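# Breakdown of the fold
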Amino acid sequence: MRVFPYKSITQFDKVVAMSSLNITHIPNFYSQEECNEMFTKLSKCPFKQPIKVWGKSYRPLRKSCSYGDMDIEYEYSGHCELPLPLPTILCWKIKSDVEKKTGFEYNFVLLNFYESGHAKIGAHKDDEPSLNQSVDIATLSFGACLDMIFSKKGCKSVRQSLEAGSLFLMHDQKEWTRAIPLSFV
């Protein structure tokens, strides 16, 4: 689940910083019990396939849906995500928890559901003009542990595990790309 920015309220207290990446990793933001409950509830969201990217329709192995303010349109790769209103107390709780931790106010959530290790997302930046670049993008992980690979031109790639319950705060989207590779065994 990725939470996108609206505007900055205050700074936040960094827990574990990965200095070269300008990313904060907060393990155990949610307990395993909370993750299991949230995963069960979130997996019932109206995920959709196929999607249209750069005019071509395709069926990615990951499914997505979005929630947020109704006047928001999030565009990436020629695809436009139109949000549904935040549906449940659970979504409001997650939003509130992340806002308390980061000090930022968020108005859009993109949920990605990776049903198997065959699902992935290629290297990308969340640097679309519609996003407020001064606000961190928050990534939460529920369910199975996945790896995320961070890359920057001229630097060695860094692989970081996204454990269930962890929160990643990405402070700068201009230089680093990230990807979730195939992870089937």
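Structure: above.
Now for a quick tour of the structure. Just so we're clear, the structure is a prediction, and the values are computed from it rather than from any experiment. Every chain begins its residue count from 1, and numbering advances along the sequence as written. At least 70 in pLDDT is required for a residue's local features to be given in this predicted model, at least 80 for side-chain atom pairs to be given and counted, and no such filter applies to totals for whole chains, interfaces and linings, which use all residues. Heavy atoms throughout the structure, all of them, feed into the side-chain values; hydrogens and water do not.

The pairing criterion is simple: DSSP has to find at least two bridges between the two strands. Runs of E in the DSSP output that reach at least two residues are strands. Runs of H or I that reach at least four are helices, and both are numbered from the N terminus. Strand order in this open sheet of four strands is β10-β15-β12-β13, and the pairing throughout is antiparallel. Every interior strand has two partners, whereas the edge strands, β10 (121–124) and β13 (158–162), have only one. Looking at each pair of strands side by side, their axes are set apart by 20° on average, direction ignored. In this sheet, strand β15 (residues 177–180) lies alongside strand β12 (residues 146–151) in antiparallel orientation, the contact comprising three bridges. From the neighbouring strand, Ile-149 faces β15, where its bridge partner is Ala-179. Here the axes come from fitting lines to C-alpha atoms, over the contacting stretch only for helices, and the angles between their N-to-C directions go from 0 to 180 degrees.

Structurally, Asp-97 can be placed in helix α2 (residues 89–102). Here a residue-residue contact requires only that any non-hydrogen atoms of the pair lie within 4.5 Å. The residues contacting Asp-97, other than those within four sequence positions of it, are Phe-29 and Tyr-30.

Right, let's get into the pattern of salt bridges. Put simply, a salt bridge is a Lys or Arg side-chain nitrogen that is within 4 Å of an Asp or Glu carboxyl oxygen. One pass over the structure, following the stated rule, counts four salt bridges. Among the ionic pairs, Asp-97 bridges to Lys-93, the shortest N-O distance being 2.6 Å. Of the two residues, Asp-97 and Lys-93 are both situated in helix α2; the distance of four residues between them amounts to about one turn of the helix. Residue class for Asp-97 comes out buried when judged on its relative accessible area of 17%. You can call Lys-93 partly exposed: its relative accessible area is 35%. Note on exposure labels: buried denotes an accessible area under 20% of the residue type's maximum, exposed denotes more than 50%, and partly exposed covers the range between, all computed with a 1.4 Å probe on protein chains only.

To continue, consider the nonpolar core. Judged by nonpolar contacts, the single largest core of 27 residues is most densely connected at Tyr-30, Leu-42, Ile-94, Leu-111, Leu-140 and Phe-142. Here the element with the most residues in this core is strand β9 (residues 104–114); it accounts for five residues. Here the nonpolar core consists of buried residues drawn from Ala, Val, Leu, Ile, Met, Phe, Trp, Tyr and Cys, with membership extended through side-chain atoms lying within 4.5 Å. Ile-23, Ile-137, Met-148 and Phe-168 belong to the second-largest nonpolar core, a separate cluster that totals 13 residues.

So, on to helix α1 (residues 32–42). All of the buried residues along α1 are Cys-35, Met-38 and Leu-42. For α1, the angular spread of buried residues about the axis comes to 70°, placing them on one side. In the core, the buried residues of α1 are packed alongside α2 and β9. In this description, one arc is meant: the one made by directions from the helix axis to the C-beta atoms.

Attention now moves to α2. The terminal C-alpha atoms of α2, which comprises 14 residues, lie 20 Å apart, in line with the 20 Å expected from a rise of 1.5 Å per residue. Backbone geometry just after α2 places Gly-103 at a positive phi near 80°. Helix span, expected: 1.5 Å multiplied by one less than the number of residues in the helix.

What is shown is where atoms sit, not what they do.
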